[in-house]
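A structural walkthrough
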Amino acid sequence: MRATPLLLATALTATALGALPSAAAAEAPAKPHDFNGDGRTDLVVNAPELKQRGHGDTGVVAVAYGGTGVFARRGVGRKQLITRHSPGVDAVSEHGAGFGEATASADFDRDGYADLAITGPNEHGATIVYGSATGLSERVAFLETDERRGPLPRRLAVGDFDRDGRADLVLTSTTKFWVFSRVDKGVDVAAPFRHAFLSYEIPMNDLRPAVGDFTGDGRDDIFLASSMDPHFTRLVKATSSGFAAPVAVPELRQVRTAVVGDFNGDGRDDLVTRRASKIYIRLGGSSGLRGPKLVKKVSSGDPVPMAVADVDRDGRDDLAVGFPGAGPRKSGQVVLIYGSRSGPTTKKARIIHQGTAGIKGGAEKGDAFGSAVRLLDVTGDRRPDLVIGSSGEDKAAGRLHVLINRGGAVSTKGARQYTPKSFGLQGRRLGSHLSA
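A brief look at the structure comes next. The model shown is predicted, which means the values in this text are computed figures rather than measured ones.

Considering the arrangement of structural elements, one finds Met228 in the loop between strand S16 (221-226) and strand S17 (233-236). Met228 sits in the exposed class, given a relative accessible area of 54%. Sequence spacing of Met228 and Leu207 is 21 residues, and the spatial spacing of their C-alpha atoms is 8.6 Å.

Next up on the list: the environment of Thr215. Position of Thr215 among the secondary structure elements: in the loop between strand S15 (207-212) and S16. In this structure the C-alpha to C-alpha distance between Thr215 and Gly284, which are 69 residues apart in sequence, comes to 6.0 Å. The contact partners of Thr215, leaving out residues within four places of it in the chain, are Asp221, Arg268, Gly285, Ser286, Ser287 and Gly288. At 3.3 Å, the side chain of Thr215 and the side chain of Asp217 are in polar contact.

Below, the discussion takes up the packing of aromatic side chains. With the rule as written, the count across this model stands at two aromatic pairs. One aromatic cluster is present, built from ring pairs that chain together Phe161, Phe177 and Phe243. Sitting over the face of the ring of Tyr65, Arg78 holds its NZ or CZ atom 4.0 Å from the ring centroid.

Proteins that are soluble and globular tend to have nonpolar side chains buried together. Counting residues in each nonpolar core, the largest one holds 20 residues, and the members touching the most others are Leu43, Val45, Val387, Leu400, Phe423, Leu425 and Leu434. In contact with Phe423, not counting residues within four places along its chain, are Val45, Ala62, Ala64, Val76, Lys79, Leu81, Leu400, Tyr418 and Leu430. Residues Val334, Tyr338, Ile352 and Val373 belong to the second largest nonpolar core, which totals 17 residues.

This next bit is on the sheet that holds strand S27 (residues 306-309). In space, the four strands of this open sheet follow the order S27-S28-S29-S30, with antiparallel pairing throughout. Every other strand in the sheet has two partners, leaving S27 and strand S30 (345-353) as the edge strands with one partner each. If you compare each strand with its neighbour and ignore which way they point, the axes differ by 20° on average.

Before going further, it helps to examine the side chain of Ser105. Structurally, Ser105 is set in strand S7 (residues 102-106). Assessed through its relative accessible area of 6%, Ser105 is described here as buried. There is a polar contact of 2.9 Å between the side chain of Ser105 and the backbone oxygen of Asp115. If we skip the residues at most four places from it in the chain, Ser105 touches Pro32, His33, Phe35, Ala114, Asp115, Leu116, Val158 and Ala436.

Looking now at the pairing of strand S10 (residues 140-144). In terms of burial, S10 is largely enclosed, as four of its five residues are buried. Across five bridges, strand S9 (residues 125-129) lies against S10 in antiparallel orientation. Within the sheet, the bridge partner assigned to Ile128 lies in S10 and is Ala141.

Quick notes on the rules
Residues numbered from 1 in each chain as written. Predicted model: local features only at pLDDT ≥ 70, side-chain atom pairs only at ≥ 80, totals over all residues. Heavy atoms only, no water. Helix = DSSP H or I, 4+ residues; strand = E, 2+ residues; numbered from the N terminus. Buried < 20%, exposed > 50% of the residue type's maximum accessible area, 1.4 Å probe, protein only. Contact = heavy atoms within 4.5 Å. Polar contact = N/O pair within 3.5 Å; in protein donor to acceptor, adjacent residues only side chain to side chain. Phe/Tyr/Trp six-rings, centres within 6.5 Å; stacked < 30°, edge-to-face > 60°. Lys NZ or Arg CZ within 6 Å of the ring centre and 35° of its normal. Core = buried A, V, L, I, M, F, W, Y, C linked by side-chain atoms within 4.5 Å. Pairing = 2+ DSSP bridges. Axes fitted to C-alpha atoms, helices over the stretch in contact; angles between N-to-C directions.

Structure follows, in C-alpha coordinates:
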(Lines give C-alpha, C1' and ligand atoms only; values in the text may rest on other atoms or scores of the structure.)
Protein backbone atom coordinates (compact mmCIF):
# COMPACT_ATOMS: atom_id res chain seq x y z
CA MET A 1 0.00 0.00 0.00
CA ARG A 2 1.32 3.42 -0.87
CA ALA A 3 2.22 5.62 2.09
CA THR A 4 -0.05 8.65 2.35
CA PRO A 5 1.44 11.82 3.82
CA LEU A 6 -0.69 13.64 6.34
CA LEU A 7 0.28 17.09 7.58
CA LEU A 8 -1.39 17.74 10.89
CA ALA A 9 -1.85 21.43 11.51
CA THR A 10 -3.50 20.44 14.74
CA ALA A 11 -1.53 21.57 17.66
CA LEU A 12 1.00 19.47 19.46
CA THR A 13 2.07 20.71 22.85
CA ALA A 14 5.47 20.10 24.39
CA THR A 15 4.65 20.41 28.06
CA ALA A 16 7.53 21.56 30.21
CA LEU A 17 7.94 20.00 33.63
CA GLY A 18 10.17 21.44 36.30
CA ALA A 19 10.87 25.00 37.29
CA LEU A 20 14.27 25.70 35.78
CA PRO A 21 14.49 28.17 32.89
CA SER A 22 16.16 27.40 29.60
CA ALA A 23 19.94 27.65 29.74
CA ALA A 24 21.84 29.99 27.43
CA ALA A 25 23.17 28.39 24.29
CA ALA A 26 26.76 27.17 24.54
CA GLU A 27 29.39 28.01 21.94
CA ALA A 28 29.24 24.39 20.76
CA PRO A 29 26.70 21.71 21.64
CA ALA A 30 27.81 18.71 23.65
CA LYS A 31 28.31 15.41 21.92
CA PRO A 32 25.50 12.86 22.35
CA HIS A 33 25.52 11.04 25.72
CA ASP A 34 27.83 13.58 27.40
CA PHE A 35 25.25 14.61 29.98
CA ASN A 36 27.57 16.57 32.31
CA GLY A 37 29.64 18.19 29.54
CA ASP A 38 32.99 16.79 30.69
CA GLY A 39 33.97 15.52 27.24
CA ARG A 40 33.45 11.87 28.14
CA THR A 41 30.64 9.74 26.76
CA ASP A 42 28.28 8.37 29.40
CA LEU A 43 26.94 4.84 29.04
CA VAL A 44 23.16 4.48 28.87
CA VAL A 45 21.73 1.04 29.55
CA ASN A 46 18.11 0.48 28.57
CA ALA A 47 16.56 -1.94 31.07
CA PRO A 48 12.82 -2.25 30.37
CA GLU A 49 12.75 -5.70 32.03
CA LEU A 50 14.71 -4.73 35.14
CA LYS A 51 13.78 -2.74 38.22
CA GLN A 52 15.54 -0.69 40.82
CA ARG A 53 16.22 -2.70 43.96
CA GLY A 54 13.51 -2.05 46.51
CA HIS A 55 10.96 -0.93 43.92
CA GLY A 56 8.12 -2.94 42.47
CA ASP A 57 7.68 -2.04 38.80
CA THR A 58 10.04 -2.68 35.91
CA GLY A 59 11.44 -0.15 33.46
CA VAL A 60 14.75 1.60 34.19
CA VAL A 61 17.29 3.67 32.31
CA ALA A 62 20.70 3.26 33.96
CA VAL A 63 23.45 5.81 33.32
CA ALA A 64 27.11 5.14 34.14
CA TYR A 65 29.09 8.36 33.89
CA GLY A 66 32.28 8.06 31.86
CA GLY A 67 35.89 8.65 32.90
CA THR A 68 39.16 6.79 33.29
CA GLY A 69 38.45 5.89 36.90
CA VAL A 70 34.73 5.38 36.63
CA PHE A 71 34.52 1.88 35.19
CA ALA A 72 36.33 0.21 38.08
CA ARG A 73 36.72 -3.54 38.30
CA ARG A 74 34.25 -3.86 41.16
CA GLY A 75 31.61 -1.40 40.11
CA VAL A 76 30.54 1.21 37.61
CA GLY A 77 31.50 4.21 39.73
CA ARG A 78 29.08 7.08 39.55
CA LYS A 79 25.70 5.95 38.27
CA GLN A 80 22.17 7.28 37.98
CA LEU A 81 18.91 5.38 37.67
CA ILE A 82 15.95 6.97 35.93
CA THR A 83 12.49 5.46 36.30
CA ARG A 84 9.03 6.83 35.76
CA HIS A 85 9.06 7.76 39.47
CA SER A 86 12.22 9.89 39.27
CA PRO A 87 11.92 13.60 40.18
CA GLY A 88 10.67 15.54 37.19
CA VAL A 89 9.83 12.40 35.25
CA ASP A 90 7.13 11.52 37.80
CA ALA A 91 5.13 14.57 36.73
CA VAL A 92 4.40 12.87 33.39
CA SER A 93 1.20 10.84 33.64
CA GLU A 94 1.76 9.02 30.34
CA HIS A 95 4.33 6.47 31.54
CA GLY A 96 3.61 2.74 31.59
CA ALA A 97 5.40 -0.58 31.86
CA GLY A 98 8.53 -1.01 29.80
CA PHE A 99 9.73 2.55 30.39
CA GLY A 100 13.15 2.98 28.82
CA GLU A 101 12.84 0.47 25.99
CA ALA A 102 14.30 3.05 23.60
CA THR A 103 16.47 6.13 24.13
CA ALA A 104 18.36 8.65 22.00
CA SER A 105 20.63 11.52 22.88
CA ALA A 106 21.56 15.00 21.60
CA ASP A 107 22.18 18.43 23.04
CA PHE A 108 18.73 19.61 22.05
CA ASP A 109 18.98 23.00 23.77
CA ARG A 110 22.66 23.54 22.82
CA ASP A 111 23.72 24.46 26.37
CA GLY A 112 26.85 22.28 26.39
CA TYR A 113 25.18 19.31 28.10
CA ALA A 114 23.66 16.38 26.21
CA ASP A 115 20.02 15.49 26.85
CA LEU A 116 18.25 12.12 26.80
CA ALA A 117 14.99 11.19 25.04
CA ILE A 118 13.17 8.16 26.47
CA THR A 119 10.16 6.18 25.32
CA GLY A 120 8.61 2.74 25.72
CA PRO A 121 5.79 0.49 24.49
CA ASN A 122 3.14 2.27 26.57
CA GLU A 123 4.16 5.90 26.08
CA HIS A 124 2.17 8.49 24.14
CA GLY A 125 5.32 10.36 23.21
CA ALA A 126 8.87 10.90 24.41
CA THR A 127 10.22 12.17 27.73
CA ILE A 128 13.19 14.55 27.42
CA VAL A 129 15.52 14.69 30.43
CA TYR A 130 17.90 17.63 30.10
CA GLY A 131 21.57 17.52 31.01
CA SER A 132 23.44 19.82 33.41
CA ALA A 133 26.87 20.28 34.98
CA THR A 134 26.01 17.44 37.37
CA GLY A 135 24.46 15.15 34.76
CA LEU A 136 20.85 14.43 33.87
CA SER A 137 18.67 16.82 35.83
CA GLU A 138 15.11 17.17 37.10
CA ARG A 139 14.36 19.49 34.18
CA VAL A 140 12.04 17.42 32.01
CA ALA A 141 9.74 17.93 29.03
CA PHE A 142 7.22 15.57 27.45
CA LEU A 143 6.69 15.58 23.68
CA GLU A 144 3.26 14.18 23.01
CA THR A 145 2.16 12.48 19.79
CA ASP A 146 -1.37 12.58 18.43
CA GLU A 147 -1.95 8.94 19.30
CA ARG A 148 -4.26 7.92 22.13
CA ARG A 149 -5.66 4.65 20.91
CA GLY A 150 -3.49 3.79 17.94
CA PRO A 151 0.09 2.53 17.70
CA LEU A 152 2.46 4.18 20.16
CA PRO A 153 6.11 5.11 19.53
CA ARG A 154 8.70 2.36 20.10
CA ARG A 155 11.91 3.72 18.51
CA LEU A 156 13.83 7.00 18.53
CA ALA A 157 16.45 8.67 16.34
CA VAL A 158 18.08 12.08 16.10
CA GLY A 159 18.95 14.25 13.08
CA ASP A 160 19.01 17.78 11.71
CA PHE A 161 16.39 17.83 8.97
CA ASP A 162 15.92 21.59 8.50
CA ARG A 163 19.64 22.49 8.57
CA ASP A 164 19.28 24.94 11.45
CA GLY A 165 22.11 23.40 13.47
CA ARG A 166 19.74 22.05 16.13
CA ALA A 167 18.95 18.39 16.69
CA ASP A 168 15.46 17.18 15.80
CA LEU A 169 13.84 14.06 17.25
CA VAL A 170 12.23 11.20 15.29
CA LEU A 171 9.71 8.84 16.91
CA THR A 172 8.44 5.73 15.13
CA SER A 173 5.60 3.35 15.93
CA THR A 174 4.34 0.29 14.11
CA THR A 175 2.71 2.39 11.39
CA LYS A 176 3.81 6.02 11.73
CA PHE A 177 6.67 8.35 12.33
CA TRP A 178 6.77 11.80 13.88
CA VAL A 179 9.44 14.49 13.69
CA PHE A 180 9.81 17.11 16.43
CA SER A 181 11.89 20.21 15.78
CA ARG A 182 13.07 22.81 18.31
CA VAL A 183 12.97 20.30 21.13
CA ASP A 184 14.76 22.89 23.27
CA LYS A 185 11.57 24.98 23.44
CA GLY A 186 10.01 22.34 25.67
CA VAL A 187 11.99 23.61 28.66
CA ASP A 188 10.22 26.96 28.86
CA VAL A 189 7.57 26.56 31.56
CA ALA A 190 5.93 29.93 30.92
CA ALA A 191 5.34 29.41 27.22
CA PRO A 192 4.85 25.81 26.09
CA PHE A 193 4.93 25.80 22.32
CA ARG A 194 2.59 24.31 19.73
CA HIS A 195 4.11 22.66 16.72
CA ALA A 196 2.69 21.11 13.54
CA PHE A 197 4.29 17.83 12.64
CA LEU A 198 4.41 15.28 9.84
CA SER A 199 2.86 11.87 10.24
CA TYR A 200 2.81 9.13 7.60
CA GLU A 201 0.45 6.18 7.69
CA ILE A 202 2.62 3.17 6.92
CA PRO A 203 0.85 -0.19 7.38
CA MET A 204 3.84 -2.12 8.72
CA ASN A 205 5.11 -3.21 12.10
CA ASP A 206 7.86 -1.85 14.32
CA LEU A 207 9.40 0.79 12.06
CA ARG A 208 13.12 1.15 12.74
CA PRO A 209 14.70 4.49 11.78
CA ALA A 210 18.26 5.17 10.62
CA VAL A 211 19.19 8.82 10.08
CA GLY A 212 21.98 10.27 7.95
CA ASP A 213 22.90 12.84 5.32
CA PHE A 214 23.23 10.48 2.38
CA THR A 215 23.53 13.18 -0.31
CA GLY A 216 25.84 15.60 1.50
CA ASP A 217 23.38 18.51 1.20
CA GLY A 218 23.53 19.32 4.91
CA ARG A 219 20.08 17.89 5.68
CA ASP A 220 19.63 14.50 7.27
CA ASP A 221 17.27 11.97 5.69
CA ILE A 222 15.38 9.09 7.30
CA PHE A 223 15.63 5.44 6.28
CA LEU A 224 12.81 3.26 7.63
CA ALA A 225 12.75 -0.53 7.79
CA SER A 226 10.30 -2.94 9.37
CA SER A 227 11.25 -5.77 11.67
CA MET A 228 8.06 -7.62 10.67
CA ASP A 229 7.63 -7.11 6.92
CA PRO A 230 10.67 -8.27 4.92
CA HIS A 231 9.59 -6.35 1.82
CA PHE A 232 9.21 -2.95 3.46
CA THR A 233 11.77 -0.14 3.20
CA ARG A 234 11.26 3.60 2.80
CA LEU A 235 13.62 6.52 2.29
CA VAL A 236 12.27 9.89 3.42
CA LYS A 237 14.34 12.79 2.08
CA ALA A 238 14.41 16.16 3.79
CA THR A 239 14.19 19.20 1.51
CA SER A 240 14.13 22.97 1.97
CA SER A 241 10.32 22.81 1.94
CA GLY A 242 9.94 19.83 4.30
CA PHE A 243 9.93 16.08 3.87
CA ALA A 244 9.31 14.44 0.53
CA ALA A 245 6.91 11.52 0.39
CA PRO A 246 8.51 8.21 1.48
CA VAL A 247 10.01 6.30 -1.43
CA ALA A 248 10.24 2.51 -1.50
CA VAL A 249 13.74 1.03 -1.87
CA PRO A 250 12.97 -2.33 -3.51
CA GLU A 251 16.59 -3.48 -3.75
CA LEU A 252 16.80 -3.32 0.06
CA ARG A 253 14.28 -5.97 0.96
CA GLN A 254 14.35 -8.09 4.10
CA VAL A 255 16.14 -5.39 6.07
CA ARG A 256 15.96 -6.04 9.80
CA THR A 257 18.54 -3.57 11.09
CA ALA A 258 20.24 -0.49 9.64
CA VAL A 259 23.02 1.82 10.86
CA VAL A 260 24.65 4.93 9.41
CA GLY A 261 28.31 5.97 9.20
CA ASP A 262 30.96 7.30 6.84
CA PHE A 263 32.80 4.06 6.10
CA ASN A 264 34.86 5.29 3.12
CA GLY A 265 35.77 8.70 4.54
CA ASP A 266 34.30 10.82 1.72
CA GLY A 267 32.25 13.05 4.02
CA ARG A 268 28.89 11.53 3.07
CA ASP A 269 26.91 9.15 5.24
CA ASP A 270 26.61 5.53 4.13
CA LEU A 271 23.95 2.97 5.04
CA VAL A 272 24.70 -0.53 6.33
CA THR A 273 21.80 -2.96 6.48
CA ARG A 274 21.25 -6.49 7.72
CA ARG A 275 19.28 -8.84 5.49
CA ALA A 276 18.85 -12.26 7.08
CA SER A 277 22.44 -13.47 7.70
CA LYS A 278 24.04 -11.01 5.26
CA ILE A 279 25.31 -7.45 5.65
CA TYR A 280 25.14 -4.89 2.83
CA ILE A 281 26.67 -1.44 2.37
CA ARG A 282 25.16 1.36 0.31
CA LEU A 283 27.56 4.27 -0.10
CA GLY A 284 26.22 7.81 -0.08
CA GLY A 285 26.56 10.00 -3.18
CA SER A 286 25.50 13.39 -4.52
CA SER A 287 22.31 11.86 -5.92
CA GLY A 288 21.62 9.64 -2.90
CA LEU A 289 22.40 6.10 -1.89
CA ARG A 290 24.21 3.92 -4.42
CA GLY A 291 23.48 0.28 -5.17
CA PRO A 292 23.97 -2.28 -2.39
CA LYS A 293 27.24 -4.16 -2.05
CA LEU A 294 27.58 -7.35 -0.06
CA VAL A 295 30.05 -7.28 2.83
CA LYS A 296 31.88 -10.59 2.83
CA LYS A 297 30.45 -12.99 5.40
CA VAL A 298 32.53 -13.20 8.56
CA SER A 299 30.36 -15.30 10.88
CA SER A 300 27.64 -17.90 10.85
CA GLY A 301 24.26 -17.07 12.32
CA ASP A 302 22.22 -13.90 12.01
CA PRO A 303 23.74 -10.55 12.95
CA VAL A 304 21.41 -8.69 15.28
CA PRO A 305 22.79 -5.39 16.64
CA MET A 306 25.31 -3.11 14.91
CA ALA A 307 27.29 -0.11 16.13
CA VAL A 308 29.42 2.49 14.33
CA ALA A 309 32.49 4.59 15.25
CA ASP A 310 36.03 5.27 14.04
CA VAL A 311 37.88 2.80 16.26
CA ASP A 312 41.36 3.13 14.71
CA ARG A 313 40.97 6.88 14.02
CA ASP A 314 41.88 6.69 10.34
CA GLY A 315 39.04 9.01 9.29
CA ARG A 316 36.73 6.13 8.31
CA ASP A 317 34.02 4.64 10.48
CA ASP A 318 34.22 1.01 11.56
CA LEU A 319 31.43 -1.45 12.25
CA ALA A 320 30.84 -3.69 15.29
CA VAL A 321 28.31 -6.47 14.69
CA GLY A 322 26.80 -8.79 17.29
CA PHE A 323 26.06 -12.43 16.47
CA PRO A 324 24.41 -13.65 19.71
CA GLY A 325 23.68 -17.12 18.32
CA ALA A 326 27.12 -17.82 16.81
CA GLY A 327 30.57 -18.46 18.26
CA PRO A 328 31.78 -21.24 20.57
CA ARG A 329 28.86 -23.43 21.69
CA LYS A 330 26.56 -20.85 20.08
CA SER A 331 27.21 -18.57 23.04
CA GLY A 332 27.60 -15.50 20.82
CA GLN A 333 30.35 -13.36 19.37
CA VAL A 334 31.10 -9.84 18.11
CA VAL A 335 32.87 -9.04 14.84
CA LEU A 336 34.71 -5.75 14.33
CA ILE A 337 34.84 -4.76 10.64
CA TYR A 338 37.04 -1.85 9.62
CA GLY A 339 36.29 0.88 7.08
CA SER A 340 38.32 1.42 3.91
CA ARG A 341 38.26 3.59 0.78
CA SER A 342 35.69 1.19 -0.67
CA GLY A 343 33.65 0.82 2.52
CA PRO A 344 33.63 -1.86 5.25
CA THR A 345 36.16 -4.63 4.59
CA THR A 346 36.60 -7.96 6.31
CA LYS A 347 40.32 -8.22 5.49
CA LYS A 348 41.35 -7.33 9.02
CA ALA A 349 38.10 -8.24 10.75
CA ARG A 350 38.42 -9.18 14.40
CA ILE A 351 36.27 -11.73 16.20
CA ILE A 352 35.68 -11.52 19.96
CA HIS A 353 33.83 -14.13 22.00
CA GLN A 354 33.79 -15.60 25.49
CA GLY A 355 36.71 -17.83 24.61
CA THR A 356 38.89 -14.83 23.71
CA ALA A 357 41.72 -14.21 26.19
CA GLY A 358 40.71 -11.56 28.69
CA ILE A 359 36.96 -12.19 28.47
CA LYS A 360 35.90 -13.87 31.70
CA GLY A 361 33.11 -16.41 31.95
CA GLY A 362 32.63 -19.70 30.17
CA ALA A 363 30.99 -19.91 26.77
CA GLU A 364 27.58 -21.53 27.22
CA LYS A 365 24.76 -21.91 24.75
CA GLY A 366 22.23 -19.15 25.22
CA ASP A 367 24.60 -16.61 26.79
CA ALA A 368 23.80 -14.30 23.86
CA PHE A 369 27.17 -12.57 23.94
CA GLY A 370 26.69 -9.76 21.41
CA SER A 371 22.97 -9.26 22.08
CA ALA A 372 23.80 -5.53 22.14
CA VAL A 373 26.88 -3.58 21.05
CA ARG A 374 27.95 0.06 21.38
CA LEU A 375 31.09 1.92 20.40
CA LEU A 376 31.58 4.96 22.63
CA ASP A 377 34.38 6.82 24.36
CA VAL A 378 33.86 6.12 28.07
CA THR A 379 37.41 7.09 29.10
CA GLY A 380 37.56 10.51 27.45
CA ASP A 381 40.66 9.83 25.32
CA ARG A 382 38.72 10.34 22.05
CA ARG A 383 39.01 6.66 21.17
CA PRO A 384 35.78 4.61 20.99
CA ASP A 385 35.60 1.75 23.47
CA LEU A 386 33.48 -1.36 22.91
CA VAL A 387 30.52 -2.25 25.16
CA ILE A 388 28.98 -5.70 24.67
CA GLY A 389 25.79 -7.10 26.17
CA SER A 390 25.23 -10.78 26.92
CA SER A 391 21.57 -10.85 27.88
CA GLY A 392 21.37 -14.63 28.42
CA GLU A 393 24.25 -14.84 30.91
CA ASP A 394 23.59 -15.95 34.53
CA LYS A 395 20.22 -17.57 33.78
CA ALA A 396 19.13 -14.56 31.71
CA ALA A 397 19.99 -11.96 34.36
CA GLY A 398 22.47 -10.61 31.80
CA ARG A 399 25.88 -8.94 31.84
CA LEU A 400 27.76 -6.05 30.27
CA HIS A 401 31.38 -6.24 29.08
CA VAL A 402 33.47 -3.07 28.60
CA LEU A 403 36.60 -3.32 26.41
CA ILE A 404 38.88 -0.28 26.44
CA ASN A 405 40.43 1.13 23.26
CA ARG A 406 44.20 1.18 23.67
CA GLY A 407 46.16 2.93 20.92
CA GLY A 408 43.46 2.61 18.28
CA ALA A 409 42.57 -1.03 18.92
CA VAL A 410 39.96 -2.49 21.26
CA SER A 411 41.74 -4.53 23.91
CA THR A 412 40.38 -7.55 25.76
CA LYS A 413 43.14 -7.21 28.35
CA GLY A 414 41.50 -6.20 31.60
CA ALA A 415 38.02 -6.38 30.10
CA ARG A 416 35.47 -5.44 32.74
CA GLN A 417 32.13 -7.08 33.46
CA TYR A 418 29.02 -5.78 35.16
CA THR A 419 25.87 -7.50 36.38
CA PRO A 420 22.48 -6.02 37.29
CA LYS A 421 23.74 -5.78 40.87
CA SER A 422 26.54 -3.47 39.67
CA PHE A 423 23.87 -0.92 38.75
CA GLY A 424 21.62 -1.55 41.76
CA LEU A 425 19.13 -3.41 39.58
CA GLN A 426 17.37 -6.74 39.62
CA GLY A 427 15.41 -8.57 36.97
CA ARG A 428 16.11 -9.98 33.54
CA ARG A 429 18.10 -9.38 30.39
CA LEU A 430 20.65 -6.72 31.24
CA GLY A 431 22.53 -6.16 28.00
CA SER A 432 19.61 -6.69 25.65
CA HIS A 433 19.38 -2.94 24.93
CA LEU A 434 22.01 -0.20 24.80
CA SER A 435 21.18 3.39 23.95
CA ALA A 436 21.48 4.44 20.31
